[in-house]
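Given next are the chains, with one letter for each unit.
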Amino acid sequence: MTVNAKKISRQKLLNERYRRPLMILITLAAWIVILNSYELFRLSTNEQLFLAWQAEHQNMHWPDYIRLIQLRFWGRILSVCGLSLYSYFAFPRIGITKLYRIIWAIILGFNWLMLLLEFELLSPIYYLNLLSLLALILVVINLRHWLPENAIEAFDL
């Protein structure tokens, strides 16, 4: 077997090992993006919500409201998309390290805390977002336990 064939077979084996955890992680991340997209649509098309917001913020107008909603949207999904992209490219190459799990759990935990502090208690999307983000944090923390025993890389920290 040539060196190139060994490299390809190792890459194929690693892809098979990480497929299930990676698909769970990416599916949860996609669900969070879909929820936030729906919320962006709902907030930007409802005139009554804008009027209620404008009553609290006297000097603000429609463009300011739209910019605020978009900023919230990008703030919520940026770390989730970053996790998905990083995981997609990093899993087969470096495996799952403790540092990976700690850093992404802290980033996602901060996002969860920021979402929790918004207190949108009347919105069902708020609760779905909280649960989905919490599930994603738990997946990142427990990711290593879902892999087969022989899938743990030797260069883990």
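Starting afresh in each chain, residues are numbered from 1 along the sequence in its written order. Under the rules for a predicted model, residues below a pLDDT of 70 receive no local features and side-chain atom pairs below 80 are neither given nor counted, while totals for whole chains, interfaces and linings still include all residues. Hydrogens and water molecules were not included; the side-chain quantities draw on all heavy atoms of the structure.

1. Here we look at the overall build of the protein
Here is step 1: When helices and strands are tallied, the protein shows 5 helices and 0 strands.
Here is step 2: Each helix is a run of DSSP H or I of at least 4 residues and each strand a run of E of at least 2, with the numbering of both proceeding from the N terminus. Listed N to C, the secondary structure of the protein is α-α-α-α-α in terms of helices and strands.
Here is step 3: Exposed residues in this analysis have more than 50% of their type's maximum accessible area, buried residues have under 20%, and partly exposed residues fall in between, with area computed by a 1.4 Å probe over protein chains only. The buried share among the 157 residues of the protein stands at 36%.
Here is step 4: Contacts in the protein between residues far apart in sequence, at least 24 positions, make up 74% of those at least 6 positions apart.
Here is step 5: Using the Shrake-Rupley algorithm and a 1.4 Å probe, accessible areas are obtained, with residue cover drawn only from the displayed protein chains. Only carbon and sulfur atoms are counted for the fraction: they give 70% of the accessible area of the protein, which is about 10100 Å². Whether two residues touch is decided by their heavy atoms; if any such pair falls within 4.5 Å, the residues are in contact.

2. Quick look at the pattern of salt bridges
Here is step 1: Whenever a carboxyl oxygen of Asp or Glu lies within 4 Å of a side-chain nitrogen of Lys or Arg, that contact is scored as a salt bridge. In the structure shown here, the tally under the stated rule is 7 salt bridges.
Here is step 2: Of the charged contacts in the structure, one is a salt bridge between Glu39 and Arg76, with a shortest N-O distance of 2.4 Å. Of this pair, Glu39 sits in helix H1 (residues 3-45) while Arg76 sits in helix H3 (residues 62-94), and the two are 37 residues apart along the sequence. Of the two residues examined, Glu39 and Arg76, each falls in the buried class.
Here is step 3: A salt bridge links Arg76 to Glu118; the shortest N-O distance between them is 2.3 Å.

3. Overview of the environment of Ser87
Here is step 1: As for its position among the elements, Ser87 is in helix H3.
Here is step 2: With relative accessibility at 0%, the residue Ser87 sits in the buried group.
Here is step 3: Sequence separation between Ser87 and Leu25 is 62 residues; the distance between their C-alpha atoms is 8.5 Å.

4. Let's talk about the confidence of the model for the protein
Here is step 1: For the protein, mean pLDDT is 81; residues scoring 70 or higher make up 80% of the total.
Here is step 2: The pLDDT value expresses, per residue, how confident the predictor is, ranging between 0 and 100. Put simply, H1 is where the protein has its lowest mean pLDDT, 78, and helix H5 (residues 124-141) is where it has its highest, 90.
Here is step 3: Note on residues 150-157: pLDDT under 50 across the span, and 19 contacts to partners over four residues away in sequence or across chains.

5. With respect to a nonpolar patch on the surface
Here is step 1: A patch consists of residues exposed above 30% relative accessible area that lack any salt bridge, with like charges linked at up to 9 Å and nonpolar side chains (Val, Leu, Ile, Met, Phe, Trp, Tyr) linked at up to 5 Å. On the surface, Phe110, Leu113, Met114, Leu117, Phe119, Leu121 and Tyr127 cluster together into a nonpolar patch covering about 730 Å² of accessible area.
Here is step 2: Examining the composition of the nonpolar patch, we find that 3 residues originate from one element, helix H4 (residues 98-116), more than from any other.
Here is step 3: Positionally, Phe119 belongs in the loop between H4 and H5.

6. As for the layout of surface pockets
Taking a probe equal in size to a water molecule and rolling it over the atoms shows the remaining empty space.
Here is step 1: Volume-wise, the largest pocket comes out at about 470 Å³.
Here is step 2: Considering the residues around the largest pocket, the lining is formed by 17 residues, among which Leu43, Leu49, Trp53, Arg72 and Glu120 are closest to the centre.
Here is step 3: When residues of the lining of the largest pocket are traced back to their parent elements, those giving at least two are H1, helix H2 (47-56) and H3.
Here is step 4: Under this grouping Gly is polar, as are all residues other than the nonpolar Ala, Val, Leu, Ile, Met, Phe, Trp, Tyr, Cys and Pro and the charged Asp, Glu, Lys and Arg. Taken together, the residues that form the lining of the largest pocket break down as 11 nonpolar, 1 polar and 5 charged.
Here is step 5: Considering only enclosed or pocket space, the second largest pocket measures out at about 190 Å³ in volume. A cavity here means a set of 1 Å grid points, computed over protein atoms only, where a 1.4 Å probe fits but cannot escape. A pocket is an open set with protein on both sides within 12 Å along at least 5 of 7 lines, and lining residues have an atom within 4 Å of a point. Grid points are joined across faces, edges and corners, and a volume is the space filled by probe spheres set on the points.

7. Section: unusual backbone geometry
Here is step 1: For Phe119, which is not glycine, the phi dihedral falls at a positive 50°.
Here is step 2: Residue Phe119 is classed as exposed on the basis of its relative accessible area, which comes to 55%.

8. Some points on the nonpolar core
Here is step 1: Buried Ala, Val, Leu, Ile, Met, Phe, Trp, Tyr and Cys residues that are joined via side-chain atoms within 4.5 Å together make up what is termed a nonpolar core. Residues Leu25, Leu83, Tyr100, Leu108 and Leu136 are the most contacted members of the largest nonpolar core, which totals 21 residues.
Here is step 2: Looking at this core, the elements that each hand over two or more residues are H1, H3, H4 and H5.
Here is step 3: Among the elements that make up this core, the one with the highest residue count is H5 (7 residues).
Here is step 4: Excluding its chain neighbours within four sequence positions, the residues that come into contact with Leu83 are Leu25, Tyr100, Trp104, Leu108, Leu136 and Val140.
Here is step 5: Within the second largest apolar cluster, 5 residues are counted, among which are Leu43, Phe50, Trp53 and Ile69.

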